[in-house]
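The primary structure of each chain is shown beneath.
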Amino acid sequence: MYSVAPPLADMEEPLDLRPEPDDEAQRESLPAGSFTGVHAADRAQTLDAMMEESNGVRVEGVVENSPADVAGVMADDVILEARVADKPTPLHWPSEWRALELGTQPGTQVVLSLDRAGKPLDVTLTTTPRARPADREATERYREENKVGIVVRTATEVEARAAGLGPGGGAVVVGLSRASPWRSVDEGKHARAGLVYGDLITSVDGKPVAHPQVVLDAIRAHEPGGTMPVQFVHGAEQRTLELPVSKRASEVREFSIPLLFSYTNDRGKSETWILLGIYKHESTQAASRTRILWIIHFGSGDADRLEEERS
């Protein structure tokens, strides 16, 4: 028995979308913004954040003699909030910190509310001009297969900044289940507005997508059968759609009589076996599996397809 649902058999991930865009020349020509010397990381990678919901971004490192170093910021501090001209900005993802750096003029004072080993601390740093662009961050891919059937990757800095997000923000669609309720369909009376490969999701449920995990968390928080507002960039156009949240069907059935007959319908794969394997028929959209004979087996589980939405 599977402890978690197996991968969707009908997930389509075009090979030409595997590599990230070759846009380094464009990235290096973008305004560099201000410099603080903070290398911010996702706090969700820490043990404390895994145990309970938490806010803030973790300071992965501090550049020597940088504004952050002079202000007393230390590695492993957690930045909970940044205040510029008494305007607070709560932080949850590294992209939000980078957006603050890019949107702050050199010479600006920034008050940081830190958590240092459980103790609150405020420090003030003054931004300086950034001499060169920050290091390029490699993109990562994330999958959701239980309700929507989608694969997204982090946007490149060029893509994110063009959409008004900080570097690391946004979620680019690079894979979709054929039965995904978020997939655009153009088949006569079955036409349905939705997403296509390359669309950049910028907001879900009214929340900016500061990281692809925001999209996955929003999907998982919705009950099947409902809808959720999704804002995205299609080409150069901003679009917003109310997209449905589906669910996976339970559709695994097995029956066998030792030596004589075996029938399996398992996640889009059907198999019929008769008389010691003299006759064996398999039909699948994915790879086959190995079965052990001579055992009567009954089982059930989650299917690898999504129930189709019916209006």
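Residues numbered from 1 in each chain as written. Predicted model: local features only at pLDDT ≥ 70, side-chain atom pairs only at ≥ 80, totals over all residues. Heavy atoms only, no water.

1. Quick notes on the overall build of the chain
In step 1: Across its full length, the chain carries six helices and 22 strands.
In step 2: Expressed as a percentage of the 311 residues in the chain, the buried residues total 41%.
In step 3: Put simply, of all contacts in the chain between residues at least 6 apart along the chain, 57% involve residues at least 24 apart.
In step 4: For the chain, the accessible surface area stands at approximately 17300 Å², while carbon and sulfur atoms represent 52% of it. (Helix = DSSP H or I, 4+ residues; strand = E, 2+ residues; numbered from the N terminus. Buried < 20%, exposed > 50% of the residue type's maximum accessible area, 1.4 Å probe, protein only. Contact = heavy atoms within 4.5 Å. Areas by Shrake-Rupley, 256 points an atom, 1.4 Å probe, with all protein chains shown as cover.)

2. Digging into the pairing of strand 6 (residues 87-90)
In step 1: Pairing of strand 5 (residues 78-84) with strand 6 involves four bridges; the strand directions are antiparallel. By the bridge assignment, Val 84 is partnered in strand 6 with Lys 87.
In step 2: Hairpin connection of strand 5 to strand 6: two residues between the antiparallel strands, including Ala 85 at a positive phi of 55 degrees. (Pairing = 2+ DSSP bridges.)

3. Notes on the environment of Val 84
In step 1: Among the secondary structure elements, Val 84 is positioned in strand 5.
In step 2: Taking C-alpha positions, Val 84 is 5.1 Å from Val 110, a pair spaced 26 residues apart along the chain.
In step 3: Excluding anything up to four places from it in sequence, Val 84 contacts Thr 108, Gln 109 and Val 110.

4. Examining the layout of surface pockets
Rolled over the atoms, a probe as big as a water molecule pinpoints where empty space is left.
In step 1: Taken as a whole, the largest pocket holds about 910 Å³ of empty space.
In step 2: Surrounding the largest pocket, 37 residues form its lining, Ala 40, Pro 94, Arg 98, Glu 137 and Pro 167 being those nearest its centre.
In step 3: Of all the secondary structure elements, the ones that give two or more residues to the lining of the largest pocket are strand 3 (38-42) and helix 4 (94-103).
In step 4: In the lining of the largest pocket, the residues fall into 14 nonpolar, 11 polar and 12 charged. (1 Å grid on protein atoms, 1.4 Å probe; cavity = no way out; pocket = protein on both sides within 12 Å on 5 of 7 lines; lining within 4 Å. Points joined across faces, edges and corners; volume = space filled by probe spheres on them. Nonpolar A, V, L, I, M, F, W, Y, C, P; charged D, E, K, R; others polar.)

5. A closer look at unusual backbone geometry
In step 1: The backbone phi angle of Asp 86 is positive, close to 65 degrees, even though this residue is not glycine.
In step 2: One can find Asp 86 in the loop between strand 5 and strand 6.
In step 3: Unlike most non-glycine residues, Asp 205 shows phi in positive territory, near 55 degrees.
In step 4: As for its placement among the helices and strands, Asp 205 is situated in the loop between strand 13 (200-204) and strand 14 (207-208).
In step 5: With relative accessibility at 33%, the residue Asp 205 sits in the partly exposed group.

6. Focus on the nonpolar core
In step 1: Ile 150, Trp 182, Ile 201, Val 204 and Val 215 are the most contacted members of the largest nonpolar core, which totals 24 residues.
In step 2: The element contributing the most residues to this core is helix 6 (residues 212-221), with five residues.
In step 3: Beyond its immediate stretch of four places on either side in the chain, Val 204 contacts Val 209, Val 214, Val 215, Ala 218, Met 228, Pro 229 and Val 230.
In step 4: Counting residues in hydrophobic clusters, the runner-up holds 15 residues, among them Val 38, Val 57, Val 59 and Ala 82. (Core = buried A, V, L, I, M, F, W, Y, C linked by side-chain atoms within 4.5 Å.)

7. Remarks on the confidence of the model for the chain
Regions with low pLDDT carry predicted coordinates that are not meant to be interpreted in detail.
In step 1: Residues at a pLDDT of 70 or more form 73% of the chain, whose mean pLDDT is 82.
In step 2: In the predicted structure, residues 1-5 sits below a pLDDT of 50 and forms four contacts with residues beyond four places in sequence or in another chain.
In step 3: Low pLDDT, under 50, characterises residues 284-311; the stretch is placed with 73 contacts to residues that sit more than four places away or in other chains. (pLDDT = per-residue confidence, 0-100.)

8. Focus on the side chain of Thr 36
In step 1: Mapped onto the fold, Thr 36 is located in the loop between strand 2 (34-35) and strand 3.
In step 2: When its relative accessible area of 1% is taken as the criterion, Thr 36 is described as buried.
In step 3: There is a polar contact of 2.4 Å between the side chain of Thr 36 and the side chain of Glu 101. (Polar contact = N/O pair within 3.5 Å; in protein donor to acceptor, adjacent residues only side chain to side chain.)

9. Structural notes on the environment of Ala 218
In step 1: With respect to the helices and strands, Ala 218 occurs in helix 6.
In step 2: On the basis of relative accessible area, Ala 218 is assigned to the buried category, the value being 11%.
In step 3: As a C-alpha pair, Ala 218 and Lys 207 span 11 residues in sequence and 9.2 Å in three-dimensional space.
In step 4: Leaving out residues up to four positions away in the same chain, Ala 218 has contacts with Val 204, Asp 205 and Met 228.

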